[in-house]
Amino acid sequence: MTDGPPPLVDEAQAPRVPTTLEPGPLPAPEPTGPPEARLTARQWVRQNLFATPFGSVLTIIMGLGLGYVLYRLAWFALVSSDWEIVRRNLRRFMVGGEYPEDQVWRLWAGLYVVGGLAGLLSGATVAHAEQQARASGREVVRPGRWDWIRRYWPALVVIAVILSQTRTWTPTLLTLLGAMVFASARWLGRRAPWLARFTWLALLVGAVASVQVVAGFGGVSWSDWGGLHLTLFVTVAGIALSFPFGVMVALGRRSSLPALRWVTVAYIEVIRGVPLVTLLFLGIYVIPLFFPNTVEPPSNLTRALIAVTLFEAAYVAETVRGGLQAIPRGQREAAEALGLSRWKVTRLIVLPQALRAVIPAMVGQFISLFKDTSLLQIIGFVELLEVARITVSQPAFLGQRLHTVTFAFVALVYWAGSYTMSRESRRLESRLGLGERR
Amino acid sequence: MSATDTPGPQDTDDLTAMAVEAQGTGEPIIECYQVDKWFGRFQALRDVTLTVGRQEVMVVIGPSGSGKSTFIRCINRLEEHDRGRIVVDGIELGNDLRRIAEVRREVGMVFQSFNLFPHLTVLDNITLGPRRVRRWPQRRAEQVAREMLETVHIPEQANKYPGQLSGGQQQRVAIARALAMQPKIMLFDEPTSALDPEMIAEVLDVMKELARTGMTMIVVTHEMGFAREVADRVVFMAEGSIVEVGTPEHFFQNPTEDRTKLFLSQIL
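Residues numbered from 1 in each chain as written. Chains lettered and ligands numbered in written order. Predicted model: local features only at pLDDT ≥ 70, side-chain atom pairs only at ≥ 80, totals over all residues. Heavy atoms only, no water.

### A word on the overall build of chain B
Argument step 1. When helices and strands are tallied, chain B shows 10 helices and 10 strands.
Argument step 2. Over its C-alpha trace chain B gives a radius of gyration of 19 Å, about what one expects of a compact globule, namely 18 Å for 268 residues.
Argument step 3. Looking at chain B as a whole, 56% of its 268 residues are labelled buried.
Argument step 4. At a minimum sequence separation of 6, the contacts of chain B that also span at least 24 residues come to 67%.
Argument step 5. A total accessible area of about 11700 Å² is found for chain B, and carbon and sulfur atoms account for 45% of it.
Argument step 6. Side-chain charges of chain B comprise 30 positive and 38 negative groups, with the mean position of each set lying 9 Å from the other. (Helix = DSSP H or I, 4+ residues; strand = E, 2+ residues; numbered from the N terminus. Rg over C-alpha atoms; globule rule 2.2 N^0.38 Å. Buried < 20%, exposed > 50% of the residue type's maximum accessible area, 1.4 Å probe, protein only. Contact = heavy atoms within 4.5 Å. Areas by Shrake-Rupley, 256 points an atom, 1.4 Å probe, with all protein chains shown as cover. Lys, Arg positive; Asp, Glu negative; His and termini not counted. Charge placed at Lys NZ, Arg CZ, Asp CG, Glu CD.)

In structure tokens, the structure reads:
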């Protein structure tokens, strides 16, 4: 069946369509566009899997290999493994071992603050964009009702896995409540497009509010944070701090002031020459030296965050610099010829284009930041991976070969976060790239 | 105009006289006096002295590398001149950023490669200057922008992105963008050199219409037809200096200088 010449397919009737790995929303074809290519399943298989003899052999080998791996994986996950260790330690995975049980409500409250604000902002942003599109006579593209499932399926799967390991229904109900908070906030946001103007302010307020809910008012001290909660906090805070700082460093590196240029180049080169672990140690032990005895030095978490931010910002700066260099000189000249000040030229013309160009590289950077937070365990933080390590060394679970289950669970969580970020970046890229074909 | 073959002091006087006698309304709006400009060790402009009158259309021609572009880029200080003086509408260009901004508000520029902002719609490209520099409210800026798009005959393209337009359309948007600032002077730096032949006419037509409205224009171009039809004066530059200045009739019928003749014979 696989030998012989490749089957002839009427090219005019069935033109070859590129296979897309990701079933993302494709732009709607224009009514007058080329005829839509519809392949039957049989045609698709023939053209993509058995087009040439060599391809057919590859397909069969890969298919057998993949099938075997999937079978073993499914057997492991569903039949042979005992998830008791994850079930028993779920709270530890989520918030760390030191987190007092009677304070967990604060995390839920913080989650609702974040969820409500996210809903409000996303609703307002969409409404604002639609308003703009309508005002300028562009077509309003609305996503389908269930597109969000396709969009966030990795994260949704992991949430479902986590909830399936809980022993009471409370977390599930609380999560559903959170979803309701988000949905109703989004409903409100859609009716208030003017909110979109205050996105940055709202994000700032949200960040302060959620941290206050968790840590303020006699809440849980930062030293007791742990687990996924700590990992996510360091990731989000690290991104939020290192992005603006990195952009500033990149601009400084291209400044016309030599002193500023030297300082930023020195900063970038020093930071890039040091591993993150070293920087974390330095952060813990060196930062207090800058504070006089009378002043209390910042907490360990703050120190770690400073180290992470300094580290990431150097890489962000180099990435952004690449984007800045890719902008043709004519762009700046045209804007200057209009009479715009240099700062406005940078802010309105150069930076938006440069940042757009480096979205993939930048998100890659942030994905590594997410995973690099696991290094915090070296300076004594009990983040997600460290929880896993502690868990498997508990006497109750010793010698039962439970490493695999535990680390598989942690890997799944990391994967969901990274893959969601990566998908969102691709989405952002294609949305911002619209109409920019040149 | 003297017809001597050997250049002498007499010629220089003639040239200076032609160069500083503003046409248009006769009232000078751009005055350049003994301007020199170097790029490293390469001298791009040598002793350029020229006066442009209000409502005058001046066409600058010359071989590539002759300093034409550098010259008009000095007028809105995209390039700094190293010696001499440039006064635009009563404002002398120097290192004072506020003065430079003031001049740039009054001087529009159109580039060879359009230089539209690809991340903004056509309308946003045009309203950017009025809103951010002139600080007009959005409504007024948009109204003016739509009028300018009418002027360049593409009102229907307002909500597209530059990447979706043809070269000729892009260049006309660039003209509209410059005009929306309501400048007193327009500089054109080889506006049709990057265009496909069939699109050159649509851009030149817009420029001709603009000239008819009495706009002061300096146009660097290789379009001799345009020069003949629209220019009040033609300037021929070579190796950074002005070689000859004259009316189009003088230029295309009996140019004085050998280099001018050579150049014209090469391109006509």
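Anyway, onward from the coordinates.
### Some remarks on the domain arrangement of chain A
A common way to state how big an interface is: give the accessible area lost once the parts meet.
Residue and element names in this part refer to chain A.
Argument step 1. Its domain assignment divides chain A into domain 1 (86–219) and domain 2 (221–431).
Argument step 2. Of note, the centres of domain 1 and domain 2, computed from C-alpha atoms alone, are 22 Å apart.
Argument step 3. Taken together, the 25 residues of domain 1 in the interface contact 30 residues of domain 2.
Argument step 4. When the two sides are added together, the surface that domain 1 and domain 2 hide from each other amounts to roughly 2400 Å², 69% of it contributed by carbon and sulfur. (Domains from an automatic or database assignment. Buried area = accessible area lost by both parts, 1.4 Å probe.)

### Side note on helix 5 (residues 138–151) of chain B
All names here are of chain B.
Argument step 1. With 14 residues, helix 5 extends 20 Å from end C-alpha to end C-alpha; this agrees with the ideal 20 Å at 1.5 Å per step.
Argument step 2. Those residues of helix 5 that fall on the buried side of the exposure criterion are Ala141, Val144, Ala145, Met148 and Leu149. Each buried residue of helix 5 sits inside an arc of 145° when the element is viewed along its axis, so together they form one side. For helix 5, exposure combined with an orientation more than 90 degrees from the buried face picks out Arg139 and Gln143.
Argument step 3. Residues of helix 5 that are buried sit in contact with helix 4 (122–132) and helix 6 (167–179).
Argument step 4. In the stretch just after helix 5, His153 is the one whose phi turns positive, near 70°. (Expected span 1.5 Å × (residues − 1). Arc of directions from axis to C-beta.)

### Examining empty space enclosed by the protein
Argument step 1. Evaluation of the coordinates by the stated rule reveals 1 cavity of 30 Å³ or more.
Argument step 2. Its volume calculated, the largest cavity comes out at about 80 Å³.
Argument step 3. Lining the largest cavity are 14 residues, with A:Ala337, A:Leu338, B:Gly108, B:Met109 and B:Ala178 positioned closest to its centre.
Argument step 4. Put simply, the parts of the chain that give the lining of the largest cavity at least two residues each are helix 13 (329–337) of chain A together with helix 3 (97–106), strand 6 (107–110) and helix 6 of chain B.
Argument step 5. Of the residues assigned to the lining of the largest cavity, the class counts are 10 nonpolar, 1 polar and 3 charged. (1 Å grid on protein atoms, 1.4 Å probe; cavity = no way out; pocket = protein on both sides within 12 Å on 5 of 7 lines; lining within 4 Å. Points joined across faces, edges and corners; volume = space filled by probe spheres on them. Nonpolar A, V, L, I, M, F, W, Y, C, P; charged D, E, K, R; others polar.)

### A few points about the packing of aromatic side chains
Argument step 1. The tally for this structure, following the rule as stated, stands at 14 aromatic pairs over all chains.
Argument step 2. For the ring pair A:Phe311 and A:Tyr315, a centre distance of 5.0 Å and an interplane angle of 50° mean the geometry is tilted. Taken together, the residues A:Phe311 and A:Tyr315, both in helix 12 (residues 300–325) and 4 residues apart, mark about one turn of the helix.
Argument step 3. Overall, A:Phe311 belongs to the buried group, its relative accessible area being 8%.
Argument step 4. Through pairs of rings, three or more aromatic residues link up here, namely A:Trp153, A:Trp415 and A:Tyr419.
Argument step 5. For B:Arg140, the ring lying beneath its charged end belongs to B:Trp136, and the centroid distance is 4.0 Å.
Argument step 6. Across the ring face of B:Phe252, the terminal group of B:Arg228 is positioned such that the distance to the ring centre comes to 4.7 Å. (Phe/Tyr/Trp six-rings, centres within 6.5 Å; stacked < 30°, edge-to-face > 60°. Lys NZ or Arg CZ within 6 Å of the ring centre and 35° of its normal.)

### Side note on the layout of surface pockets
Argument step 1. The space that makes up the second largest pocket amounts to roughly 740 Å³.
Argument step 2. In terms of lining residues, the second largest pocket is bounded by 25 residues, among which A:Glu336, A:Arg342, B:Leu97, B:Ile100 and B:Arg104 are the most central.
Argument step 3. When residues in the lining of the second largest pocket are grouped by element, the largest group, 6 residues, is from helix 3 of chain B.
Argument step 4. Residues belonging to the lining of the second largest pocket are distributed by class as follows: 6 nonpolar, 4 polar and 15 charged.

### Thoughts on the pattern of salt bridges
Argument step 1. One pass over the full model with this rule turns up 25 salt bridges over all chains.
Argument step 2. The salt bridge partner of B:Arg233 is B:Glu56, with a shortest N-O separation of 2.7 Å. Of this pair, B:Arg233 sits in strand 9 (residues 233–238) while B:Glu56 is found in the loop between strand 2 (42–53) and strand 3 (57–61), placing the two residues 177 residues apart along the sequence.
Argument step 3. Judged by relative accessible area, B:Arg233 falls into the buried class, the value being 0%.
Argument step 4. A relative accessible area of 0% places B:Glu56 in the buried class.
Argument step 5. Of the charged contacts in the structure, one is a salt bridge between B:Glu190 and B:Lys68, with a shortest N-O distance of 4.0 Å. One end of the pair, B:Glu190, is in the loop between strand 7 (185–189) and helix 7 (197–212); the other, B:Lys68, is in helix 2 (residues 68–75), with 122 residues separating them in the sequence. B:Lys68 carries the same exposure label as B:Glu190, and that label is buried.
Argument step 6. It is possible to trace a salt-bridge network through shared partners that takes in A:Arg253, A:Glu269, A:Arg272, A:Glu318 and A:Arg321. (Salt bridge = Lys/Arg side-chain N within 4 Å of Asp/Glu carboxyl O.)

### Let's talk about the interface of chain B and chain A
Argument step 1. At the junction of the two partners, chain B supplies 25 residues and chain A supplies 26 residues.
Argument step 2. A buried area of about 2300 Å², summed over both sides, lies between chain B and chain A, and 57% of it is on carbon and sulfur atoms.
Argument step 3. When the area that chain B buries against chain A is broken down by residue, the three leading residues are B:Pro118, B:His119 and B:Arg132, summing to 26%.
Argument step 4. Applying the counting rule to chain B against chain A returns 1 salt bridge.
Argument step 5. Taking the shortest distance from any N to any O, the salt bridge between A:Glu333 and B:Arg73 comes out at 2.6 Å.
Argument step 6. On the surface where chain B and chain A come into contact, there are 6 residue pairs in polar contact (both at pLDDT 80 or more).
Argument step 7. Contributions of two or more residues to the side of chain B that touches chain A are made by strand 6 and helix 4 of chain B.
Argument step 8. If you tally residues by element for the side of chain B that touches chain A, the top one is helix 4 of chain B, at 3 residues. (Polar contact = N/O pair within 3.5 Å; in protein donor to acceptor, adjacent residues only side chain to side chain.)

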